[in-house]
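As a plain string of letters, each chain reads:
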Amino acid sequence: MRTNVITSEEREKAFAPTKKPDVIERQKLDVRYHVEDYDVDNRPRRFLEAFAAILKHTNYRLALEHFIRVSTKCSRCAVQCPIYQATGDEHDIPCYRSELLLSVYRRHFTVGGSIKGRLTGSGHLTDEKIEEMAESFWNCTACRRCTLECPAGIDHALITHLGRFILSEIGISPRALVVSTREQLEGKTGNTSAIPLPALVDTLEFLEEDIKEEKGVDIKFPLDKENCEFIFIPAVSDFLMEAETLMGIAAVFKATGGSWTISTENYDAINYGLFYSDRILERVIRKLYAESERLNATNILIGECGHASRSAKYYVPVHCGGEKAKPVLNIMEYTYRMLKEGKLKLNPNVITETVTYHDPCNIARQGWIIEQPRYIIKAFCKNFVEMTPRGTENICCGGGGGTVSIDEIRPYRTLVGGKAKGDQIRATGAKYLIAPCANCKKQLRELVEDQKIDCEVVGLHDLIYKAIILDDGQTENQKTNRKG
Amino acid sequence: MQELLDFARGPLFRLSFIIMILGLIRIFILDVYNAIKAYKRAGDKRLAWGDAIIKTLRWIFPIRSAFTRRPIYSVVSILFHIGLILVPIFLLAHIQLWKSGIGISWWSLPNNWAVMLTLMTIAGALALFLGRIGNKGARMLSRKQDYLWPLLLILPFISGYFCANTVLSPQAYQFTMLIHVLSGELILSLLPFTKIAHCVLVPLSQFIIALAWKFPAHVDDEICASLNKKGAPV
């Protein structure tokens, strides 16, 4: 991956202050994302207390002990980091970022480090260092490309993940994420977008009418059906923003006769805990799982959303019974299976424009979902072009790790975080950019707008909706409808 | 001089070798112990073993990544490591020492190979050293040991090269050999306590990463209790 460093003009825009000086003074925190007021006294002490508690009750010590011994500081990770490639600032090299936290660990939680620190009277955690971590850990989009490159096998994303978790315990987390999660876990609506149930029901009825009008077929969004094969939970924002994705998914279920339901008590798979707190991650997972138990669904099916899929797939087993926990699938896995089994028919003459596919980091980096969507796309899109690199080595949209939800840093996301992605999209010349992830979609739409790239960002099921053949009579129905 | 050399080759070598072996065993066992502890605590005990093994092999034999990312750096680094590992273990002169000392021996490198590998390692270490100085990012990250290691590592290689391949006066030979033995022993005894520990720990990296992402099942309750945050709002 090679991308040019941003211009000084772009730098000014991307790093422009977003907060008033009095807020910075009050919160003792000069970072670009907004933070709710928190206790600023004794930050280093409280940071270390939180760090100690986390080390005691988690498995991070294993990794930290290993990383402080093997790190060779070779800076190879720098070539993989889209942020560093765009800023050219050495503070953005993943290994530098990791060292911020590793040095705290070494100084305060290892015998050798604390003896050395006490003898020399240096290296202890300061307010300045906390501020640097608060800035640095949220400059990263947690895309995990650097972990592919490190010859010593250091997982810098794990350290960023832990750093954000510790910071959150002393009250330093982006307000956008905290407020949404509070509504999801403690609010009346129980979801991050604060969509009340009646509004959801209205939306679904509206979508059903739309499908009837466009496809001439009655398709229902089943609510609270018990004993289904799948409980379907998308990122809740899809109900507001991604009508076509949802209609596509409903159409796939109609065509394949799948047994599915949407729950009225939990219709949000967004899990910002993955981005800033393992405690929140666990709570959201338990809530999600409880709903699948209430409706007695066999499998948990997550919509087109990278982080929601990853958090459910990997943390439902962690928090809800290990291998006995219900299986978690991403909707693309279901659609892929149905297509392979011949239960789904797609018209190859509908999408004739050039199509490209963006791999969401959270489902592609570990090699989980890469070929399935491509199999589907190639089955009905005539002009499919790949981005380079792709798959496990894909480049992040620039809004990963929860940063996409932080609206005040949009210029940073689209000019710095998404710079390499922008170059990649432009090179394909595609009309449709498929991004099967709620976060990627939002980021990429802002990216193509800010970087003035001419292409439409869509979900995979948006295009499936256009091309799906629902039954033999359907094409005729469609024709009649259109004539009517 | 001869007495000093005998001391360095005898007791001092045994000491540094024991420090190295015990030190490496200690950190390896610590890692494995931590991993077992983490595994017992993990809420989900299914590990992607196959994936970790493939990744580990790819890390140990980085043939694919060498030519796709930073090719010059990678090739130099790989060649350097090959020489660094093979020469001390498979040099005929070293094996003869083992044989006369404790009576064991093994396959040895042909002499011309050993010479070539020695020169390659010296050149590689210098290139890595210069690369570190010349790269802004690497300079920013580097600690003292990162600059010192390549220089320290080439000392026994250079001195060994002169002892084996040039005609030296007896005094010069003894002096060069002393440098060779002492620098080698310094390396052996520092090995477990510095970044060179990666020589035994890197094969564990992928398993450790996989395990570290497997959280314990009840993180929320336990951390809340520790930090007096029970019932606190989000």
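Trainee: Explanation requested: the overall build of chain A in the structure shown.
Mentor: Helix and strand counts for chain A come out as 25 helices and 10 strands. Since a compact globule built from 484 residues should have a radius of gyration of about 23 Å, the 23 Å found for chain A is in line with a globular shape. Judged by the C-alpha coordinates and their principal axes, chain A covers about 85 × 50 × 45 Å. By residue count, 54% of the 484 residues in chain A fall in the buried class. A fraction of 80% describes how many contacts in chain A between residues 6 or more apart in sequence connect residues 24 or more apart.

Trainee: How should the overall build of chain B be read in this particular structure?
Mentor: When helices and strands are tallied, chain B shows 12 helices and zero strands. Shown N-terminal to C-terminal, the secondary structure of chain B runs as helices and strands in the order α-α-α-α-α-α-α-α-α-α-α-α. Considered along the principal axes of its C-alpha atoms, chain B spans approximately 80 × 40 × 35 Å. Residues counted as buried form 29% of the 234 residues belonging to chain B. The long-range fraction of contacts in chain B, counting pairs at least 24 apart against all pairs at least 6 apart in sequence, stands at 71%.

Trainee: Would you take a moment to explain the interface of chain A and chain B for this structure?
Mentor: Interfaces are often sized by the amount of accessible area the parts lose when they come together. The partner chain B presents 51 residues to the 50 residues of chain A that form the contact. For the side of chain A that touches chain B, the secondary structure elements donating two or more residues are helix 3 (43-57), helix 4 (60-70), helix 6 (94-109), helix 10 (156-169), helix 11 (175-186), helix 16 (278-294) and helix 17 (306-319) of chain A. For the side of chain A that touches chain B, the element with the highest residue contribution is helix 4 of chain A, accounting for eight residues.

Trainee: I keep staring at the sheet that holds strand 1 (residues 230-233) of chain A and nothing clicks. Help me out?
Mentor: Note: strands within a sheet are paired through backbone hydrogen bonds, in either parallel or antiparallel orientation. Residue and element names in this part refer to chain A. Read from one edge to the other, the open sheet built from four strands follows the order 2-1-3-4, with strand pairing classed as parallel. Of all the strands in the sheet, the pair left with one neighbour each is strand 2 (260-261) and strand 4 (328-330). Here strand 1 runs beside strand 3 (residues 299-302); their pairing, made up of four bridges, is parallel. The residue bridging Ile231 from the neighbouring strand is Ile300, located in strand 3. Packing of helix 18 (residues 331-340) onto the sheet brings it into contact with strand 3 and strand 4, and relative to strand 4 it is tilted by some 75 degrees.

Trainee: I'm lost on the domain arrangement of chain A in this one. Help?
Mentor: Residue and element names in this part refer to chain A. The domain architecture assigned to chain A consists of domain 1 (8-173), domain 2 (193-339) and domain 3 (345-469). Facing the 27 residues of domain 2 at the interface are 24 residues of domain 3. Elements that contribute at least two residues to the side of domain 2 that touches domain 3 include exactly helix 14 (243-256), helix 15 (273-276), helix 17 and helix 18. A per-element tally of the side of domain 2 that touches domain 3 places helix 14 first, with eight residues.

Trainee: I keep staring at unusual backbone geometry and nothing clicks. Help me out?
Mentor: It is generally the case that most residues other than glycine have a negative phi and that most peptide bonds are trans. Residue and element names in this part refer to chain A. Between Thr388 and Pro389 the backbone carries a cis peptide bond, its omega angle lying at -10 degrees. Phi is positive for Asn296, which is not a glycine, with a value near 50 degrees. Inspection of the secondary structure puts Asn296 in the loop between helix 16 and strand 3. Given 12 C-beta atoms within a 10 Å radius, Asn296 is considered exposed.

Trainee: Would you mind showing me how to read the environment of Leu101 of chain A here?
Mentor: Residues and elements named next belong to chain A. Inspection of the secondary structure assignment puts Leu101 in helix 6. Look at Leu101 and you get buried, because 24 C-beta atoms sit within 10 Å. With near-sequence residues (within four places) excluded, Leu101 lies in contact with Met133, Ile159, Leu162 and Gly163.

Trainee: Explanation requested: the environment of Lys195 of chain B in the structure shown.
Mentor: By secondary structure assignment, the location of Lys195 of chain B is in the loop between helix 9 (170-190) and helix 10 (198-201). When the C-alpha positions of Lys195 of chain B and Asp146 of chain B are compared, they lie 8.3 Å apart, and in sequence the two are 49 residues distant. Setting aside its immediate chain neighbours within four residues, Lys195 of chain B contacts Ser71 and Thr72 of chain A together with Gln145 of chain B.

Trainee: In this structure, what is going on with helix 6 (residues 111-134) of chain B? I would like to understand it.
Mentor: One full turn of an α-helix is made of 3.6 residues, so residues set three or four places apart face in the same direction. Residue and element names in this part refer to chain B. For helix 6, with 24 residues, the first-to-last C-alpha span of 34 Å sits near the 34 Å given by 1.5 Å per residue. The complete set of buried residues in helix 6 reads Ala114, Leu117, Thr118, Thr121, Ile122, Gly124, Ala125, Leu128 and Arg132. On its buried side, helix 6 packs onto helix 4 (71-90), helix 7 (136-141) and helix 8 (144-165).

Trainee: What is the right way to read the sheet that holds strand 9 (residues 456-458) of chain A from this model?
Mentor: Residues and elements named next belong to chain A. Strand order across the open sheet formed by four strands is 7-6-8-9, with parallel pairing between neighbours. With partners counted over all chains shown, the strands left at the sheet margins are strand 7 (381-385) and strand 9, one partner each. Strand-to-strand twist in this sheet, taken as the mean axis angle between neighbours without regard to direction, amounts to 35 degrees.

Trainee: Is there a simple way to explain the pairing of strand 6 (residues 351-357) of chain A in this structure?
Mentor: For a regular strand, side-chain orientation follows a simple rule: the groups alternate between the two sheet faces. All names here are of chain A. Here strand 6 pairs with strand 7 via four bridges, running parallel. Opposite Thr354, over in strand 7, you have Asn383 as the bridge partner. As judged from the three bridges shared by strand 6 and strand 8 (residues 432-434), these two strands associate in the parallel manner. From the neighbouring strand, Val355 faces strand 8, where its bridge partner is Tyr432.

Trainee: Can you help me understand the environment of Gly400 of chain A in this one?
Mentor: Residues and elements named next belong to chain A. Within the secondary structure, Gly400 is located in the loop between strand 7 and helix 21 (410-417). Along the primary structure Gly400 and Lys20 are separated by 380 residues, whereas in three dimensions their C-alpha atoms are 26 Å apart. Here Gly400 is in contact with Thr141, Ala142, Cys143 and Cys361, once residues within four sequence places are set aside.

Trainee: What's the story with the packing of helix 6 of chain A against helix 10 of chain A in this structure? I'm lost.
Mentor: Geometry of a packed helix pair, given as the angle between the helix axes and the separation of the axes. Residues and elements named next belong to chain A. Axis separation between helix 6 and helix 10 bottoms out at 9 Å; the angle between their running directions is 45 degrees. Regarding the angle of helix 6 to helix 10, the classification is oblique. Once helix 6 is placed against helix 10, the crossing between them reads as left-handed. Between helix 6, through Pro94, Cys95, Arg97, Ser98, Leu101 and Leu102, and helix 10, the contact on the second element is made entirely by His156, Ile159, Thr160, Leu162 and Gly163.

Trainee: Is there a simple way to think about the nonpolar core in this case?
Mentor: One broad trend across soluble globular proteins is that nonpolar side chains are buried collectively. If you look at the biggest cluster of nonpolar residues, it comprises 180 residues, and the most contacted ones within it are Ile302, Ala312 and Ile434 of chain A together with Ala212 of chain B. For this core, the element with the most residues is helix 14 of chain A, which contributes eight residues. Contact partners of Ile302 of chain A, with chain neighbours within four places excluded, come to Ile233, Ala269, Ala308, Ser309, Ala312, Val328, Asn330 and Ile331 of chain A.

What counts as what
- Residues numbered from 1 in each chain as written.
- Chains lettered and ligands numbered in written order.
- Predicted model: local features only at pLDDT ≥ 70, side-chain atom pairs only at ≥ 80, totals over all residues.
- Helix = DSSP H or I, 4+ residues; strand = E, 2+ residues; numbered from the N terminus.
- Rg over C-alpha atoms; globule rule 2.2 N^0.38 Å.
- Buried ≥ 20, exposed ≤ 12 C-beta atoms within 10 Å, placed from the backbone.
- Contact = placed C-beta atoms within 7 Å.
- Pairing = 2+ DSSP bridges.
- Axes fitted to C-alpha atoms, helices over the stretch in contact; angles between N-to-C directions.
- Domains from an automatic or database assignment.
- Expected span 1.5 Å × (residues − 1).
- Parallel < 35°, antiparallel > 145°, perpendicular 65-115°, else oblique.
- Left-handed = near helix turned anticlockwise from the far one by under 90°.
- Core = buried A, V, L, I, M, F, W, Y, C linked by C-beta atoms within 7 Å.

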